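Spelled out, the chains give:
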Amino acid sequence: MGQLASFIVLSIVTLTAAVVVVTSGNIVRSALSLIPTFLGVTGFYILLQAEFVAGIQVLIYAGAITVLILFVIMLTEGGTGLRFRQVNEQVPLGLLAAAVLAAILIVVFVSTPWPKTAGELPQYTAAPIGNMFLTSMVLVFESTSLVLLVSLIGAIIIARRER
Amino acid sequence: MLLLDWLYVGVFVVVGLAMAGLPFAIVWILAPRAALPQKRMTYESGVVPFGQAWAQFNVRYYLFGLVFVIFDVEVIYLYPWAIVFQKLGKFAFFEMVIFLFILLVGLAYAWRKGALEWA
Amino acid sequence: MNWFVEILKAIGLAVVMFTFLAVVAAMFGVLLERKIGGWIQSRLGPKHVGPQGLFQTLADTVKLLQKEHITPTAADAAIFNTAPLIVATAGLMDWVVIPFGTVGTLVLVVRDLNIGVLFFAGMASMTVVGILAGGWASNNKYSLLGALRSASQMISYELPLATALIAVAMQAGTLSTVGIVGAQGGWFGSFVFRQFPAFVIFMIAATAEVNRVPFDLPEAESELVAGYLSEYTGMRFALFQLGEYAEMFAMAALATTLFLGGWKGPILPPLVWFLIKMYIVVFFLMWMRWTYPRFRLDQLLNLSWKLLLPAGLLWILITGYFMTF
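Analysis parameters
Residues numbered from 1 in each chain as written. Chains lettered and ligands numbered in written order. Predicted model: local features only at pLDDT ≥ 70, side-chain atom pairs only at ≥ 80, totals over all residues. Helix = DSSP H or I, 4+ residues; strand = E, 2+ residues; numbered from the N terminus. Buried ≥ 20, exposed ≤ 12 C-beta atoms within 10 Å, placed from the backbone. Contact = placed C-beta atoms within 7 Å. Rg over C-alpha atoms; globule rule 2.2 N^0.38 Å. Nonpolar A, V, L, I, M, F, W, Y, C, P; charged D, E, K, R; others polar. Expected span 1.5 Å × (residues − 1). Axes fitted to C-alpha atoms, helices over the stretch in contact; angles between N-to-C directions. Parallel < 35°, antiparallel > 145°, perpendicular 65-115°, else oblique. Left-handed = near helix turned anticlockwise from the far one by under 90°. pLDDT = per-residue confidence, 0-100.

Attention shifts here to the overall build of chain A. If you tally the helices and strands in chain A, you get 6 helices and 0 strands. Reading chain A from its N end, one meets helices and strands in the order α-α-α-α-α-α. Taken across its 163 residues, chain A has 27% of its residues classed as buried. Look at the contacts in chain A between residues 6 or more apart in sequence, and 54% of them connect residues 24 or more apart.

Given below as structure tokens:
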């Protein structure tokens, strides 16, 4: 009951903000509207009892990625006050594609036999994640750092070429 | 218990926004409203503002933002490690040494390439 | 679970906590700051309203409530008016995980979240977004420049702050704030001794996170008017101030919790000990403000990226080494 109510409220917040993101005529407004969207998704993670993932979502997405996006927008030529259109002349075609995609997804969701019984929830999500990093997922964990290193080097090279 | 914890957090967000919005209502009742066009002008040390503030900004902010996001992601990995590594002994320690070494190589690279330089 | 009662309890707690912040952190904090500033500079500070100027900020608040809300025509009104709410609420959210003390076996904390420290870091990072939004929406050159400076400074110091938090979490073996206080025992069991480098890193990074002198470039009044606050009048300015002071007190409270043994101490009740320790840290921050000159932007970024961040990561390794071997 309470969970259903929270789910509905979170959905409304997430979707409303998401609609602003894709319809607003101002790019900074779009970027700022991402924050309620990310926070709404954080709420879903919490409903799924994934606390640690929720913390990451706030820290990385709402706190870091959004700031980066805002920085990127502010270095664009011509400034951020311009109004622009987010849609082109292909609106009917786009609506059709969206409707087809939605129909397919709904059919899949309805026809999939979802497991109805709840699994065992870990008591504290950060500890199992840490355990997994250090035991069965060692290689994945270490290669993550390599991936991050590569992305850092790539980012610096690209940014320096632009300058 | 977990959902109860976060119920409080959710309520705090809502009540916080409401309480912070309360002064707006009080101001709306109490404060005067005089419509003078000059008053609503952008402040620029007393002269008539020229141009837009919403102009192009320096690329350096972006560079720092980029390095920050990557390091933020790397630091996030340290949290779950920090609370369990003691139970797992030496292996966990050396694993993190490797992880942090790669991280520090990244930092050294950014430093060397001048990505951490403001000037 | 009787969730309706719980919601009422949560609303009550939130109202109490918000009032506590508005009165103790913002109003009393501003007064304390002016009094300490006066004392350090051999002048009196506020003196006329109430005994020894005690009601000065209260009078200021009443004054601000009667000030007109001016939204510049050039500004983006919706975001301009939302930004103070975000900053004030983010300041409040920090306090969810701060344990104030104990009464019998009950710990006085709004909620002892499992990811307490991570939650605090996340909420502190939301302030950046509020400041950036407010500065941009003002459509004022000073505001936007101040906001960008503020954002780049705050994100730079988030990382050293996180390394200090992680070092403490390693020692305590938990991210919960109550658990971390529990892991510290007695005077010399406090993490300020066992984790002294982390404490130094934390204090520097925390000062920078809350944009205080010597890291107050975003509000450098001699060059940027009032930074991102330039266009804000009346109560909206006060809300930004409230958020900032709430955040500053929250940082002091977190320093108390993580490094100074939280509510623990002899004879006096736990709550009193907590407040004493918190105010010592607050005094320290104010002392710094009236003592040091401002950093230059490149010095500030160098300090974070080239000194504090590598030092923090190395300290994590050293802590790990000593705990493993």
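A few words now on the overall build of chain B. Summing up its helical and strand segments, chain B has 3 helices and 0 strands in all. Secondary structure elements of chain B occur, N-terminal to C-terminal, as α-α-α. In terms of overall size, chain B is more extended than a compact globule, its C-alpha atoms giving a radius of gyration of 25 Å where 119 residues would be expected to give roughly 14 Å. Along the first, second and third principal axes, the C-alpha set of chain B runs to 70 × 50 × 15 Å. Across the 119 residues in chain B, those meeting the buried criterion constitute 43%.

Facing the 63 residues of chain C at the interface are 57 residues of chain B. Those elements that provide at least two residues to the side of chain C that touches chain B are helix H1 (3-40), helix H3 (77-93), helix H5 (141-172), helix H10 (234-259) and helix H12 (297-324) of chain C. Element by element, the count of residues in the side of chain C that touches chain B is highest for H12 of chain C, at 13 residues. Of the residues that constitute the side of chain C that touches chain B, the class distribution is 40 nonpolar, 15 polar and 8 charged.

Time to look at the environment of Met278 of chain C. All names here are of chain C. As for its position among the elements, Met278 is in helix H11 (residues 270-289). The buried category is assigned to Met278, around which 24 C-beta atoms lie within 10 Å. Considered as a pair, Met278 and Phe28 are 250 residues apart in the sequence and their alpha carbons are 14 Å apart. What Met278 contacts, discounting residues up to four positions off in sequence, is Ala252, Ala253 and Thr256.

Another point: unusual backbone geometry. For Gln49 of chain A, which is not glycine, the phi dihedral falls at a positive 65°. Residue position: Gln49 of chain A is located in the loop between helix H2 (27-47) and helix H3 (51-74). Despite not being glycine, Asn139 of chain C has its phi angle at roughly 55°, a positive value. As for its placement among the helices and strands, Asn139 of chain C is situated in the loop between helix H4 (116-137) and H5. On the neighbour-count criterion, Asn139 of chain C (22 C-beta atoms within 10 Å) is buried.

Opposite the 19 residues of chain C that make contact, chain A presents 19 residues. Those elements giving two or more residues to the side of chain C that touches chain A turn out to be H4 and H5 of chain C. Examining the composition of the side of chain C that touches chain A, we find that 11 residues originate from one element, H4 of chain C, more than from any other. The residue inventory of the side of chain C that touches chain A, partitioned by class, reads 16 nonpolar, 3 polar and no charged.

All names here are of chain C. If you check H4, its first and last C-alpha atoms are 32 Å apart, about what 22 residues at 1.5 Å a residue would give, namely 32 Å. Among the 22 residues of H4, 22 are classified as buried, and the element is accordingly described as predominantly covered. Following H4 by one or two positions, Asn139 adopts a phi angle in the positive range, close to 55°.

The next point concerns H10 of chain C. All names here are of chain C. Between its first and last C-alpha, H10 extends 37 Å over 26 residues, near the 38 Å set by a 1.5 Å rise per residue. Counting buried positions over the 26 residues of H10 gives 25, a clear majority of the element. Backbone geometry just downstream of H10 places Gly261 in the positive-phi region, at approximately 80°.

Now for the packing of H1 of chain C against helix H2 (residues 56-65) of chain C. Helix-helix packing is characterised by the crossing angle of the two axes and by the distance between the axes. All names here are of chain C. Direction vectors running N to C along H1 and H2 enclose 125°, while the axes themselves pass 8 Å from each other. Viewed along their axes, H1 and H2 adopt a mutual orientation that is oblique. Relative to H2, H1 is oriented so that their crossing is right-handed. Within the contact between the two elements, H1 uses Met27, Val30 and Leu31 and H2 uses Gln56, Thr57, Leu58 and Thr61.

Turning to the packing of H3 of chain C against H10 of chain C, a few remarks are in order. All names here are of chain C. Two elements in contact, H3 and H10, have axes separated by 8 Å at closest approach and are oriented at 25°. When the interaxial angle is binned, H3 and H10 end up roughly parallel. You can see that H3 and H10 cross each other, and the crossing is left-handed. Where H3 abuts H10, its residues Pro84, Leu85, Val87, Ala88, Ala90, Gly91 and Leu92 lie against Arg236, Leu239, Phe240, Leu242, Gly243, Ala246, Glu247 and Ala250. Among the residues making up the contact of H3 with H10, the classes are represented as 11 nonpolar, 2 polar and 2 charged.

Right, let's get into the environment of Ser230 of chain C. As for its position among the elements, Ser230 of chain C is in the loop between helix H9 (221-224) and H10. Taking the C-alpha atoms as reference, Ser230 of chain C lies 9.5 Å from Lys141 of chain C; in sequence the two are 89 residues apart.

Turning next to the confidence of the model for chain B. Caution applies to low-pLDDT parts of the model: their predicted coordinates are not meant to be read in detail. Of the residues in chain B, 92% have a pLDDT of 70 or more, and the chain-wide mean is 80. Across the assembled chains, the prediction reports ipTM 0.84 with pTM 0.87.

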